[in-house]
Amino acid sequence: MFELSDLKKTRFYQEVFAEGQAEAKKAAILRMVSIGLAKEQIATVLDLSVAEVEATIAEAEQN
């Protein structure tokens, strides 16, 4: 029988899961920027580099 653990092993599931995590991270960064947190603070909270935070903000500003 096909179980949830089998589904989690599929490439499709892993790609969709990673995409969802990336979108959630982007949303969190943009929300924190909107309330006035500094890039360094955001990076610390989300355990990211400042460069990753800056790249996400720059990408959002272009769109």
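Located above this text is the structure these notes cover.
Let us look at the structure shown here. (Residues numbered from 1 in each chain as written. Predicted model: local features only at pLDDT ≥ 70, side-chain atom pairs only at ≥ 80, totals over all residues. Heavy atoms only, no water.)

**Some words on the overall build of the protein**
The helix and strand tally for the protein stands at 4 helices and 0 strands. Starting at the N terminus and ending at the C terminus, the protein contains elements arranged as α-α-α-α. Relative to the 2.2 N^0.38 estimate, which gives 11 Å for 63 residues, the radius of gyration of the protein is 15 Å and therefore markedly larger than a compact globule would have. The C-alpha extent of the protein, read off along each of the three principal axes, is 50 × 25 × 20 Å. Classification of the 63 residues of the protein by burial places 13% in the buried group. Looking at charge distribution, the protein has the averaged site of its 7 positive side-chain charges lying 4 Å from that of its 11 negative ones. (Helix = DSSP H or I, 4+ residues; strand = E, 2+ residues; numbered from the N terminus. Rg over C-alpha atoms; globule rule 2.2 N^0.38 Å. Buried < 20%, exposed > 50% of the residue type's maximum accessible area, 1.4 Å probe, protein only. Lys, Arg positive; Asp, Glu negative; His and termini not counted. Charge placed at Lys NZ, Arg CZ, Asp CG, Glu CD.)

**Observations regarding unusual backbone geometry**
Glycine aside, negative phi is the norm for most residues, and most peptide bonds take the trans geometry. A positive phi angle, close to 55 degrees, is found at Asp47, a residue other than glycine. Within the element layout of this structure, Asp47 appears in the loop between helix H3 (39-46) and helix H4 (50-62).

**Examining helix H2 (residues 11-34)**
In a regular helix each residue adds 1.5 Å, so 24 residues correspond to 34 Å; H2 covers 35 Å between its end C-alpha atoms and thus fits that length. Once H2 finishes, Gly36 follows within two positions and takes phi at roughly 95 degrees, a positive value. (Expected span 1.5 Å × (residues − 1).)

**Quick notes on the nonpolar core**
Membership of the largest hydrophobic core is limited to 7 residues, which are Ile29, Met32, Ile42, Ala43, Leu48, Val53 and Ile57. Contributions of two or more residues to this core are made by H2, H3 and H4. For Leu48, the residues in contact, after removing those within four places along its chain, are Lys25, Ile29, Ala43 and Val53. (Core = buried A, V, L, I, M, F, W, Y, C linked by side-chain atoms within 4.5 Å. Contact = heavy atoms within 4.5 Å.)

**Quick word on a nonpolar patch on the surface**
Among the surface-exposed residues, Phe2, Leu4 and Leu7 lie close enough to one another that they form a single nonpolar patch of about 310 Å² accessible area. Structurally, Leu7 can be placed in helix H1 (residues 4-8). (Patch = residues over 30% accessible without salt bridge, like charges linked within 9 Å, V, L, I, M, F, W, Y side chains within 5 Å. Areas by Shrake-Rupley, 256 points an atom, 1.4 Å probe, with all protein chains shown as cover. Salt bridge = Lys/Arg side-chain N within 4 Å of Asp/Glu carboxyl O.)

**As for the pattern of salt bridges**
Side chains that differ in sign of charge can pair as their charged atoms come close. In the structure shown here, the tally under the stated rule is 1 salt bridge. For the salt bridge of Lys26 with Glu59, the shortest nitrogen-to-oxygen distance reads 3.7 Å. Pair noted here: Lys26 is in helix H2 and Glu59 is in helix H4, with a separation of 33 residues, a long-range link.

**Digging into the environment of Phe12**
Relative to the helices and strands, Phe12 resides in helix H2. In this structure, the C-alpha to C-alpha distance between Phe12 and Ala38, residues 26 residues apart in sequence, is 36 Å.

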